[in-house]
Amino acid sequence: DGIDNRNLEDAVYAFGFGKKCSYVKTFGAGHINETYAVYMPGEEKDELSYVLQRVNRNVFKDPAGVMDNIFGVTEYLRNVIRKEGGDPDRETLSYIKTKSGSTYFEDSEGEPWRCYNFIPDSVCYQLAESPEQFYQSGSSFGHFLKQLSDYPVDRLNETIPDFHNTVKRFEAFQVALKRDLKNRAATCRPEIQFVLDREKDCAVLVDQQEAGTLPLRVTHNDTKLNNILFDGKTGKGLCIIDLDTIMPGLAANDFGDSIRFGAATAEEDERDLNKMHFDIGLYEVYVKGYLEETKDVLTQEEIESLPWGARLMTLECGIRFLADYLQGDTYFKTDYPEHNLVRARTQFRLVDEMEQQFEQMKEIVRKYACIDIF
Ligand code: ADP
Ligand code: MG
Ligand code: MG
């Protein structure tokens with residue numbers, strides 16, 4: 001009914017819905033994948049039951065690796081949730097295999113499709129409406145880490161190599177600066193200097209990981225508020241979604257990326273820097289939720305690495321924006337010529353404020369991890 005897309009129809013059949021499903025329509029407003037809602041006949045009316053997605057092959061060059069990670073993790077989570085006495089059909093995504101038992105379907109043009117259950121009675125927020133919601137977010141991502149703390153990380157594919165290797169990000173920046181393809185370096189000397197002054201910082205977490213001081217964990221790598229479904233009734237965090245970037249990584253990376261966007265007082269591309277601040281109150285709220293879940297799972301070194309994670313994920317993000325500005329906006333979408341520079345500036349403003357309040361950031365972590373301040 002109304003499906004005019006051959007490949008979509010093929011996918012609907014490949015996942016075994018075929019004639020059983022009532023109808024399919026486009027769903028959500030994702031920028032990366034193409035998403036459809038699959039409605040099945042319910043007792044009274046048709047119900048949105050599944051989400052069918054065509055995965056963007058330009059972003060995810062190894063769809064088999066991505067799907068392999070997702071299946072491994074979600075099936076493991078189902079068992080953990082059962083042991084916790086929870087509902088595996090609501091507290092994690094359940095991915096569905098094709099009729100022939102494959103983790104995804106490749107259409108006639110070689111595009112990958114995958115399918116999972118829709119979670120009803122859930123709510124998703126773009127921005128925290130209250131500190132309580134940000135606390136819930138820390139708690140949910142902390143719980144996610146805890147649930148996966150015994151997952152064999154070496155089973156995961158590194159689907160985007162060196163994603164948070166801040167040292168390599170710095171090196172890429174140096175290359176962009178040296179080439180200065182668009183002659184833009186002259187327009188951003190202070191920002192360039194800001195990065196160059198922090199070369200050593202870039203190695204802080206990478207070095208500890210390479211030395212084996214910080215372990216690799218299952219990381220989500222897109223720990224934004226809108227990748228949590230909240231329970232429509234209780235308002236509590238329910239399910240972590242958007243699992244495409246699950247990879248081995250550092251706990252501090254996921255933690256830090258949440259802080260980077262969630263404890264900022266303005267949008268990433270706010271031009272008026274006076275509006276952009278690091279809100280240490282929001283940081284504290286997130287730390288509380290996160291450490292309540294993870295303090296007995298993380299090592300002492302990992303706990304101590306969390307404030308660095310916030311600083312370095314923010315610095316790394318700013319470095320990437322500035323590098324992209326220097327190389328002519330080839331990676332991030334821009335609406336005007338200085339867009340990436342504006343973004344870099346907001347990130348550096350946050351880094352600067354985090355650096356000034358770094359001792360307090362550490363104290364807050366110690367407080368909620370119950371580590372004595374000596
Ligand atoms: P993207 O990679 O484009 O961010 P997501 O997987 O995060 O894609 O999905 C986009 C939005 O669709 C989510 O923010 C959420 O609102 C909604 N959504 C995704 N999966 C589900 C699901 N299983 N149940 C309910 N809503 C969902
Ligand atoms: Mg998402
Ligand atoms: Mg995504």
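Before any of the text, the structure's been laid out above.
All values derive from a computational prediction rather than experimental measurement.

**Here we look at the site of ligand 1**
Here comes step 1: Neighbouring ligand 1 are 14 residues; Asn 117, Ile 119, Asn 226, Asn 227 and Asp 242 lie closest to it.
Here comes step 2: Contact distances for ligand 1 include 2.9 Å between a nitrogen atom and a backbone N or O atom of Ile 119.
Here comes step 3: A distance of 3.0 Å is found between an oxygen atom of ligand 1 and a side-chain nitrogen or oxygen belonging to Asn 227.
Here comes step 4: Here ligand 1, which alone exposes 550 Å², has 81% of that area covered by the protein.
Here comes step 5: Here the residues of the shell around ligand 1 sort into eight nonpolar, five polar and one charged.
Here comes step 6: Each of two domains, domain 1 (6–120) and domain 2 (131–369), supplies a minimum of three residues to the shell around ligand 1.

**A few points about the coordination of the magnesium ion (ligand 3)**
Here comes step 1: Of the protein atoms, only Asp 242 (OD) and Asp 242 (OD) coordinate the magnesium ion (ligand 3), at distances of 2.1 to 2.6 Å.
Here comes step 2: The distance between the magnesium ion (ligand 3) and the magnesium ion (ligand 2) comes to 4.3 Å, and Asp 242 binds to both of them.
Here comes step 3: One can find Asp 242 in the loop between β10 (237–240) and β11 (247–249).

**What to know about the packing of aromatic side chains**
Here comes step 1: Under the criterion given, the structure shown has 19 aromatic pairs.
Here comes step 2: The interplanar angle of 45 degrees and the centroid separation of 5.0 Å between the aromatic rings of Phe 134 and Tyr 286 together place this pair among those described as tilted. Taken as a pair, Phe 134 in helix α4 (residues 131–147) and Tyr 286 in helix α9 (residues 280–294) lie far apart in primary sequence, 152 residues in all. Accessibility assignment for this pair places Phe 134 and Tyr 286 in one class, buried.
Here comes step 3: Aromatic ring contacts, followed pair by pair, group Phe 134, Phe 255, Phe 278, Tyr 283, Tyr 286 and Tyr 290 into a single cluster.
Here comes step 4: The side chain of Arg 155 reaches across the aromatic face of Tyr 151, ending 5.4 Å from its centre.
Here comes step 5: The ring of Tyr 336 has Arg 271 lying over it, and the distance from NZ or CZ to the ring centre is 4.0 Å.

**Section: the pattern of salt bridges**
Here comes step 1: This model, assessed by the stated rule, comprises 21 salt bridges.
Here comes step 2: In this structure, Asp 244 and Arg 114 form a salt bridge, with 2.9 Å as the shortest nitrogen-oxygen distance. Of this pair, Asp 244 sits in the loop between β10 and β11 while Arg 114 is found in strand β6 (residues 112–117), placing the two residues 130 residues apart along the sequence. Across the pair, exposure class does not vary: Asp 244 and Arg 114 are buried alike.
Here comes step 3: With its nearest N and O atoms 3.1 Å apart, the salt bridge here joins Glu 292 to Lys 288. Remark: Lys 288 and Glu 292 occur in helix α9; sequence separation between them is four residues, near one turn of the helix.
Here comes step 4: Judged by relative accessible area, which is 38%, Glu 292 ranks as partly exposed.
Here comes step 5: Salt bridges sharing partners connect three or more residues here, namely Arg 198, Asp 201, Arg 311 and Glu 355.

**Considering the packing of helix α6 (residues 189–196) against helix α11 (residues 339–356)**
Here comes step 1: Two elements in contact, α6 and α11, have axes separated by 11 Å at closest approach and are oriented at 45 degrees. One finds that α6 runs oblique with respect to α11. Our pair here, α6 against α11, has a crossing hand that is left-handed. Contacts between α6 and α11 involve Glu 191, Phe 194 and Val 195 from the former and Leu 341, Arg 345, Phe 348, Val 351 and Asp 352 from the latter.
Here comes step 2: Across the contact of α6 with α11, the residue classes break down as five nonpolar, no polar and three charged.

About the criteria used
Counting restarts for each chain, with residues numbered from 1 along the sequence as it is written. Each chain gets a letter, beginning with A, and each ligand a number, beginning with 1, in the order they are written. Local features in this predicted model are restricted to residues of pLDDT 70 or higher, and side-chain atom pairs are both shown and tallied only at a pLDDT of 80 or more, whereas totals for entire chains, interfaces and linings draw on every residue. By convention in this description, side-chain values take in all heavy atoms of the structure and omit both hydrogens and water. Residues are counted as near a molecule or strand when any one of their heavy atoms sits within 4 Å of it. Distance and chemistry together define a polar contact, namely a pair of N or O atoms within 3.5 Å, with one atom able to donate a hydrogen and the other to accept it when in protein, and with adjacent residues in sequence counting only for side-chain atoms on both sides. Note on areas: Shrake-Rupley, 1.4 Å probe, and residue coverage restricted to the protein chains presented here. When residues are sorted by character, Ala, Val, Leu, Ile, Met, Phe, Trp, Tyr, Cys and Pro go into the nonpolar class, Asp, Glu, Lys and Arg into the charged class, and all the rest, Gly among them, into the polar class. Boundaries of every domain are those given by an automatic assignment or by a domain database. The donor set comprises N, O and S atoms within 2.8 Å of the metal, extended to 3.2 Å for Na, K and Ca; water molecules are omitted, so apparent gaps in a site may simply reflect that omission. Here a strand is any run of E in DSSP of at least two residues, a helix any run of H or I of at least four, and the numbering for each starts at the N terminus. When the centres of two rings from Phe, Tyr and Trp lie within 6.5 Å, Trp using its six-membered ring, the rings pair. Their planes under 30 degrees apart give stacked, over 60 give edge-to-face, and anything left gives tilted. Using a 1.4 Å probe on the protein chains alone, a residue whose accessible area is under 20% of its type maximum counts as buried, one over 50% counts as exposed, and one in between counts as partly exposed. By definition, being over a ring means that NZ of Lys or CZ of Arg is both within 6 Å of the ring centre and within 35 degrees of the ring normal. The working definition used for a salt bridge is a side-chain nitrogen of Lys or Arg within 4 Å of a carboxyl oxygen of Asp or Glu. Working convention: axes come from line fits to C-alpha atoms, limited for helices to the stretch in contact. Angles between N-to-C directions cover 0 to 180 degrees. Roughly parallel here means an angle under 35 degrees, roughly antiparallel means over 145, roughly perpendicular means 65 to 115, and every remaining angle is called oblique. Should the near helix be turned anticlockwise from the far one by less than a right angle, the crossing is left-handed, and should it be turned clockwise, the crossing is right-handed. The contact criterion used throughout is that any non-hydrogen atoms of two residues lie within 4.5 Å.

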